[in-house]
Amino acid sequence: MSGAPRHEIPIPKGDDDFEDLALALFKEVWQDSGAQLYGRRGQGQDGVDLYGDDRIGKAGLTGVQCKHHGSATSIRDKDLVAELREEVEKAKGFEPPLKRFFFATTAKRSVTLQKEARRLTEKHQSEGLFAVEVLGWEDFEDHLRRQHAVLAWYLDRREQPPAIRLDLGRLPIPGPYLIGREAELARLDAAWEDPNIRVYTLIAFGGTGKSALVSRWLERMSMNGWRGALRVLDWSFYSQGTEERVTSADRFLDHALGWFGDPDPKAGAPRDRGLRLAGLIRRERTLLILDGVEPLQHPPNHPQAGRLKDPGLAALLKALAAANSGLCVVTTRERIADLDGFTSTAPQVDLESLSPEAGAKLLKTLGVKGKDSERLAESKRFGNHALTLSLLGGYLSKACGGDIRRAKEVDLVGAAERKGGHALRVIGTYATWLGESPELAALRLLGLFDRPAQPKAIAALRGKPVIPGLTNGLMTRKHWWSRSEPISDEAWNLALSNLRDHGLLLPADPHQPGTLDAHPLVRVFFQEDLEMHHPEAWKSGNERLYEHLKKEAPDLPDTLEAMEPLYTAVIHGCRAGRQQEAFEEVYLRRILRGDAHFSWKKLGAFGSELAALSGFFDRQWDQLSANLSLADQAFTLNQAGLCLRALGRLAEAVQPMEVGLERRVLLEDWKNAAISASNLSELAQTLGELSRAVSFGKQSVDLADRSGDAFQRMVNRTRLADALHHSGLCEKSAESFREAEALQAERQPEYPRLYSLKGYQYCDLLLSLGEPEPAAVLAGPGAGQEAARRWREACQQVRQRAEQALDWAERNRLSLLTVALDHLSLGRAHLGLADFAKAAEHLDHGVEGLRRAGTEDYLPLGLLARAALHRQRGYPAGSEADLSEALEIAERGRMRLFECDAHLEWARLCRQRGDQAGQQEHVARARRLVDETGYERRRREVEALTPVPS
């Protein structure tokens with residue numbers, strides 16, 4: 001084996017294969033069985049993918065960065081050198097410090113790269129840092145020929161075809177015909193093969209054939225052995241055919257994270273879960289299909305039209321667009337605004353209607369008789385719309401003997417004024433022709449659902465007693481004097497078969513026997529028909545589904561999947577006019593579990609929660625059903641605001657929270673009114689409306705004093721104090737914090753200092769008060785030394801407070817958020833004292849804790865503090881990564897104060913690099929935000945960072 005020529009050892013197939021090979025190899029070369037990958041696979045933390053102790057070479061702790069550059073020789077030396085420098089900079093942050101660093105690549109040896117490694121080693125040795133070495137693929141081959149066991153393992157692994165994992169069956173089952181889409185199928189083939197395309201979005205209104213096209217393409221992929229895919233997952237979000245319905249990505253993220261191997265799918269904020277899922281998907285070449293995401297987008301008439309409402313799904317798609325060895329195929333009715341910055345890697349393609357020729361061919365295939373010119377003309381008249389033509393063809397062939405001339409009987413007056421209008425007119429014509437038959441009754445049942453109808457739910461609706469106006473057609477009498485009984489299963493199945501022949505019902509799904517589904521436009525027609533023309537049937541049908549789903553679900557479900565029937569029950573209960581009962585018996589007792597808030601505290605189901613809450617609203621998000629009591633209206637408004645805020649939709653959260661505050665004041669519920677005012681103050685502050693934040697803060701103090709509640713009196717003074725601090729009124733802020741701390745000592749003498757979020761905010765003020773003024777630093781040695789002394793004292797004070805608070809938090813097992821904020825205060829204090837090692841330790845704990853706590857509206861605090869640490873340690877790549885994430889969160893959620901903070905830190909980084917143009921740009925953005933928001937706390941920093949004209 002040792003004499004094998006070089007070309008017989010193939011390079012690894014991807015990043016993960018290369019890391020696995022390197023780990024197996026270096027365990028033997030170093031004789032260190034404890035060598036291991038660093039962090040989660042693919043993270044690449046601190047420039048190190050794996051590390052161990054080189055006992056044979058006596059080199060000590062050695063880190064390896066693995067760079068898979070394929071087998072191509074086209075990569076330029078200067079690009080390799082740039083990568084080497086970047087990874088070496090990152091590796092300086094590895095703890096404990098490395099003695100040696102390997103830059104391993106599958107590219108061929110490069111003299112230029114080796115020279116740069118020697119230069120870096122000489123520089124590092126003079127600074128007491130690690131040596132740098134480069135390993136090309138030829139070096140790996142040499143090592144492998146000396147390590148026979150590793151080489152045999154590697155070659156054997158290469159020869160075994162990887163197992164393909166499939167999780168399919170959620171897409172709507174397409175009809176038997178797909179005509180005129182050969183070019184689109186070819187483009188999907190090309191997208192799969194193109195390594196530069198990572199997300200491929202098909203855009204078209206309902207019924208154009210997006211889902212059918214993707215389903216047929218999946219069939220072709222399956223027939224071709226999946227063409228290199230190692231995992232294939234599909235998911236469908238499509239619902240009632242409208243973007244107005246509140247829908248959630250919770251179930252998808254929960255399922256997908258578990259399927260890809262995440263140890264705790266519910267951990268973290270939605271955005272963090274989406275990013276984790278993207279990282280798992282990148283491990284293997286994956287084909288991900290996301291069908292019908294339009295219910296998760298803001299509708300066309302919204303200020304954020306096209307943007308995804310769910311931060312988890314948005315983070316997933318953006319991360320995959322940035323890096324993905326497989327392909328994510330998305331179908332939607334509206335362009336996804338979140339992907340506008342990825343035009344080359346995430347193209348969004350408008351799926352055109354069929355050509356008139358293809359439309360005419362479809363009609364002919366469906367049995368429509370007549371001249372080719374007549375079929376061509378009717379295809380054009382009906383907009384060449386795939387679903388409309390399929391329904392029209394079925395109607396003409398079944399009801400009109402296939403006569404093309406009978407198409408004129410479909411009234412199209414005004415049809416073009418509404419999207420899907422042509423299809424809805426054909427469905428209406430069909431309904432008239434069906435008459436009061438079992439077929440029409442079955443379609444009306446589907447109008448009650450906004451998702452595939454499960455067999456047990458259908459059975460509940462079909463059962464006795466009859467629902468007038470809804471299930472009359474599903475009842476029969478053996479004799480004129482006998483009672484009505486449900487039609488036989490044979491008659492029911494015949495009706496379903498007829499509907500499938502007509503194209504009004506989707507084909508049976510072999511993965512879900514007995515489940516019924518129709519195109520969303522079919523369901524929307526019969527929903528509107530029931531609501532407008534048969535309101536009592538609509539109410540009674542929803543009532544029966546409400547009773548069925550309440551019984552179907554466990555009393556207190558422990559998983560999101562088991563909770564889903566209860567969320568759906570709330571919607572049906574509200575449609576049936578039983579809002580108060582649905583609120584008390586289902587939402588409050590079984591979903592929230594009272595004050596435990598189980599659904600979102602334990603399951604993290606903010607999106608599903610919001611979907612259920614929408615049922616209580618007559619108009620989102622400010623007008624509630626009059627069937628709810630005033631107290632429960634106030635509670636529901638507050639819950640809606642909480643969920644909207646957790647999903648990063650801060651601007652939308654304001655209205656329900658304001659209305660909820662008004663309700664609680666009206667009820668003289670002073671304690672809960674104080675809580676609402678406090679929440680509004682915090683929300684206004686995050687949005688950059690500081691005058692309103694102060695106003696709501698003062699109101700919260702007044703309401704808390706009226707309530708007499710000791711905790712509220714204390715905590716709302718800290719809320720006001722923080723708003724005053726950010727407004728630049730530091731002395732007033734300090735006074736309010738001191739009042740709050742006195743109340744805290746009185747309330748809990750054993751814990752006399754503010755702690756948790758309140759403690760963090762007080763520490764934040766103390767650091768601000770101690771921070772040296774730029775003028776003092778420039779005034780001369782005396783003033784500068786005095787300013788430095790005060791700064792050290794402030795940092796020491798904050799360190800002592802935070803250490804005490806962290807001890808309390810850990811002994812009392814307080815929340816993840818509390819512990820994370822204590823670490824954050826400690827990290828900032830150590831950073832101010834120039835103790836970089838301890839600062840890094842605490843800031844890393846703080847950021848990770850904020851992620852696990854699922855608090856995206858606090859996460860930028862940690863990212864911005866850590867970015868400052870990276871900058872001061874000379875690690876610009878780490879600073880950029882944290883700043884980019886913080887700014888993305890802030891911009892998406894309109895967290896304008898965090899935006900300002902991020903631009904100021906970018907300006908400091910640009911100044912450190914000597915990039916005056918970049919510094920000027922970021923300072924200008926920060927100045928504008930300070931002016932617009934009243935963020936006077938940052939005024940002096942803006943002035944200090946403004947470049948002086950040369």
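Side note on the overall build of the protein
Then comes step 1: When its secondary structure is counted, the protein shows 39 helices and 15 strands.
Then comes step 2: Taken over the C-alpha trace, the protein has a radius of gyration of 32 Å; the compact-globule value for 950 residues is 30 Å, and the two agree within 12%.
Then comes step 3: Restricting to contacts in the protein with at least 6 residues of sequence separation, those with at least 24 account for 69%.
Then comes step 4: For the protein, the accessible surface area stands at approximately 40000 Å², while carbon and sulfur atoms represent 50% of it.
Then comes step 5: Within the protein, one finds 128 positive and 136 negative side-chain charges whose respective centroids are separated by 1 Å.

Some words on helix α37 (residues 896-913)
Then comes step 1: Relative to the 26 Å expected for 18 residues at 1.5 Å per residue, α37 spans 26 Å between its end C-alpha atoms, a close match to the ideal helical length.
Then comes step 2: Most of α37 sits inside the fold, with 15 of its 18 residues counted as buried.
Then comes step 3: Once α37 finishes, Gly914 follows within two positions and takes phi at roughly 80°, a positive value.

As for the sheet that holds strand β2 (residues 50-54)
Then comes step 1: If you trace the five strands from one edge of the open sheet to the other, you get β1-β2-β3-β4-β5, paired in mixed fashion. At either margin of the open sheet sits one strand with a lone partner, and together these are β1 (36-37) and β5 (131-135).
Then comes step 2: Pairing analysis gives five bridges linking strand β4 (residues 100-105) to β5, with the strands arranged parallel. Across the sheet, the residue bridging to Phe102 is Glu133, located in β5.
Then comes step 3: Helix-sheet contacts for helix α3 (residues 111-127) involve β4 and β5, and the interaxial angle to β5 is about 165°.

As for the state of the cysteines
Note on terminology: a disulfide is the covalent bond linking the sulfur atoms of two cysteines.
Then comes step 1: Under the defined criterion, the tally for this structure stands at zero disulfides.
Then comes step 2: Cysteine Cys795 shares no disulfide, and the gap to the nearest cysteine sulfur, in Cys763, comes to 11 Å.

Digging into the pattern of salt bridges
Where side chains of opposite charge bring their charged atoms close, a pairing between them can arise.
Then comes step 1: By the definition in use, this model includes 93 salt bridges.
Then comes step 2: A salt bridge links Glu184 to Arg181; the nearest nitrogen and oxygen atoms lie 3.4 Å apart. In this pair, the class of Glu184 matches that of Arg181, namely buried.
Then comes step 3: A salt bridge links Glu528 to Arg418; the nearest nitrogen and oxygen atoms lie 2.6 Å apart. Of the two residues, Glu528 is situated in helix α18 (residues 520-533) and Arg418 in the loop between α13 (386-399) and α14 (421-434); the sequence distance between them amounts to 110 residues.
Then comes step 4: Judged by relative accessible area, which is 25%, Glu528 ranks as partly exposed.
Then comes step 5: Residue Arg418 is classed as partly exposed on the basis of its relative accessible area of 40%.
Then comes step 6: Through salt bridges that share partners, Asp262, Arg271, Asp272, Arg276, Lys318, Arg851, Glu885 and Glu888 make up one connected network.

Concerning helix α21 (residues 579-592)
Then comes step 1: Its 14 residues give α21 an end-to-end C-alpha distance of only 16 Å, which falls more than 12% under 20 Å, the value for a rise of 1.5 Å per residue.
Then comes step 2: Just past α21, the residue Arg593 takes up positive phi, approximately 60°.

Remarks on the packing of aromatic side chains
Then comes step 1: Tallied over the entire structure, the rule returns 26 aromatic pairs.
Then comes step 2: Judged by centre distance (4.9 Å) and plane angle (80°), the rings of Phe525 and Phe526 are edge-to-face.
Then comes step 3: When its relative accessible area of 2% is taken as the criterion, Phe526 is described as buried.
Then comes step 4: Above the plane of the ring of Phe598 lies Arg593, whose end atom (NZ or CZ) is 3.7 Å from the centre.

So, the packing of helix α15 (residues 438-446) against α18
Then comes step 1: Following both chains from N to C, one finds α15 and α18 inclined at 90°, their axes separated by 7 Å at the closest point. Judged by the angle between their axes, α15 and α18 are roughly perpendicular. Residues Leu440, Leu443, Arg444 and Leu446 of α15 form the contact with α18, whose participating residues are Val522, Arg523, Phe526, Asp529 and Leu530.
Then comes step 2: Taken together, the residues that form the contact of α15 with α18 break down as six nonpolar, no polar and three charged.

Focus on the sheet that holds strand β10 (residues 327-332)
Then comes step 1: On the basis of which strands lie adjacent, the open sheet formed by six strands has the order β6-β8-β9-β10-β7-β11 and parallel pairing. Since the sheet does not close on itself, it has two edges, and those belong to β6 (165-167) and β11 (348-350), each with one partner. Taken over all neighbouring pairs, the strand axes of this sheet differ in orientation by 10° on average, direction set aside.
Then comes step 2: As defined by bridge partners, β6 adjoins strand β8 (residues 231-236) across three bridges and the pair is classed as parallel.

Examining the pairing of strand β3 (residues 60-67)
Then comes step 1: Across the eight residues that make up β3, a large majority, six, are buried.
Then comes step 2: Both β2 and β3 contribute to a ladder of five bridges, which runs antiparallel. Bridge pairing in β3 links Asp53 to Leu61.
Then comes step 3: Linking β2 to β3, which pair antiparallel, is a turn of five residues; within it Lys58 sits at a positive phi near 50°.
Then comes step 4: As paired elements, β3 and β4 share six bridges and run parallel to each other. Bridge pairing in β4 places Thr62 opposite Arg100.

Structural notes on the pairing of β8
Along any regular strand the residues' side chains alternate between the sheet's two faces.
Then comes step 1: Here β8 lies mainly inside the structure; six of its six residues are buried.
Then comes step 2: One ladder, built from six bridges, connects β8 with strand β9 (residues 286-291); its direction is parallel. Residue pairing for β9: Val232 is matched across the bridge by Leu287.

Focus: the nonpolar core
Then comes step 1: Core analysis: the largest hydrophobic core is formed by 78 residues, its most contacted members being Val570, Tyr587, Ile591, Phe616 and Leu850.
Then comes step 2: Core analysis: the second largest hydrophobic core is formed by 61 residues, Ile427, Leu448, Ala457 and Val524 among them.

Examining the packing of helix α11 (residues 356-365) against α13
Then comes step 1: Direction vectors running N to C along α11 and α13 enclose 30°, while the axes themselves pass 9 Å from each other. Considering their axes alone, α11 and α13 lie roughly parallel with respect to each other. When you trace α11 past α13, the crossing you get is right-handed. Each of Gly359, Leu362 and Leu363 in α11 lies in contact with α13, whose residues at this interface are Ala386, Leu389, Ser390, Leu392 and Gly393.
Then comes step 2: Along the lines of polarity and charge, the residues of the contact of α11 with α13 split into five nonpolar, three polar and no charged.

Section: unusual backbone geometry
A negative phi holds for most residues other than glycine; trans holds for most peptide bonds.
Then comes step 1: Going from Lys464 to Pro465, the amide bond is cis rather than trans, its omega being -5°.
Then comes step 2: The topology assignment puts Pro465 in the loop between α16 (455-462) and β12 (475-476).
Then comes step 3: A cis amide bond, omega -10°, links Gln620 with the succeeding residue Trp621.
Then comes step 4: Positionally, Trp621 belongs in the loop between β14 (617-619) and β15 (623-624).
Then comes step 5: In this structure, Asn384 takes a positive phi of about 50° despite not being glycine.
Then comes step 6: Of note, Asn384 is situated in the loop between α12 (372-381) and α13.
Then comes step 7: Residue classification places Asn384 among the buried positions, given a relative accessible area of 13%.
Then comes step 8: One non-glycine residue, Glu668, lies in the positive phi region at around 55°.
Then comes step 9: For Glu668, the location among the structural elements is in the loop between α25 (650-666) and α26 (670-687).

Description of the confidence of the model for the protein
Then comes step 1: Across the protein, the average pLDDT comes to 89, with 95% of residues at 70 or higher.
Then comes step 2: Note that pLDDT drops below 50 for residues 1-7; the model gives that stretch 10 contacts with residues more than four away or on any other chain.
Then comes step 3: Ignoring residues within four places in sequence, the model shows residues 776-781, a span with pLDDT below 50, making five contacts including any to other chains.

Details of the environment of Glu880
Then comes step 1: Mapped onto the elements of the fold, Glu880 is located in helix α36 (residues 876-893).
Then comes step 2: A C-alpha to C-alpha distance of 8.6 Å links Glu880 and Leu909, two positions 29 residues apart in sequence.
Then comes step 3: Excluding residues within four positions of it along the chain, Glu880 makes contact with Trp906, Leu909 and Arg913.

Cut-offs and rules
Residues numbered from 1 in each chain as written. Predicted model: local features only at pLDDT ≥ 70, side-chain atom pairs only at ≥ 80, totals over all residues. Heavy atoms only, no water. Helix = DSSP H or I, 4+ residues; strand = E, 2+ residues; numbered from the N terminus. Rg over C-alpha atoms; globule rule 2.2 N^0.38 Å. Contact = heavy atoms within 4.5 Å. Areas by Shrake-Rupley, 256 points an atom, 1.4 Å probe, with all protein chains shown as cover. Lys, Arg positive; Asp, Glu negative; His and termini not counted. Charge placed at Lys NZ, Arg CZ, Asp CG, Glu CD. Expected span 1.5 Å × (residues − 1). Buried < 20%, exposed > 50% of the residue type's maximum accessible area, 1.4 Å probe, protein only. Pairing = 2+ DSSP bridges. Axes fitted to C-alpha atoms, helices over the stretch in contact; angles between N-to-C directions. Disulfide = S-S within 2.5 Å. Salt bridge = Lys/Arg side-chain N within 4 Å of Asp/Glu carboxyl O. Phe/Tyr/Trp six-rings, centres within 6.5 Å; stacked < 30°, edge-to-face > 60°. Lys NZ or Arg CZ within 6 Å of the ring centre and 35° of its normal. Parallel < 35°, antiparallel > 145°, perpendicular 65-115°, else oblique. Nonpolar A, V, L, I, M, F, W, Y, C, P; charged D, E, K, R; others polar. Core = buried A, V, L, I, M, F, W, Y, C linked by side-chain atoms within 4.5 Å. Left-handed = near helix turned anticlockwise from the far one by under 90°. pLDDT = per-residue confidence, 0-100.

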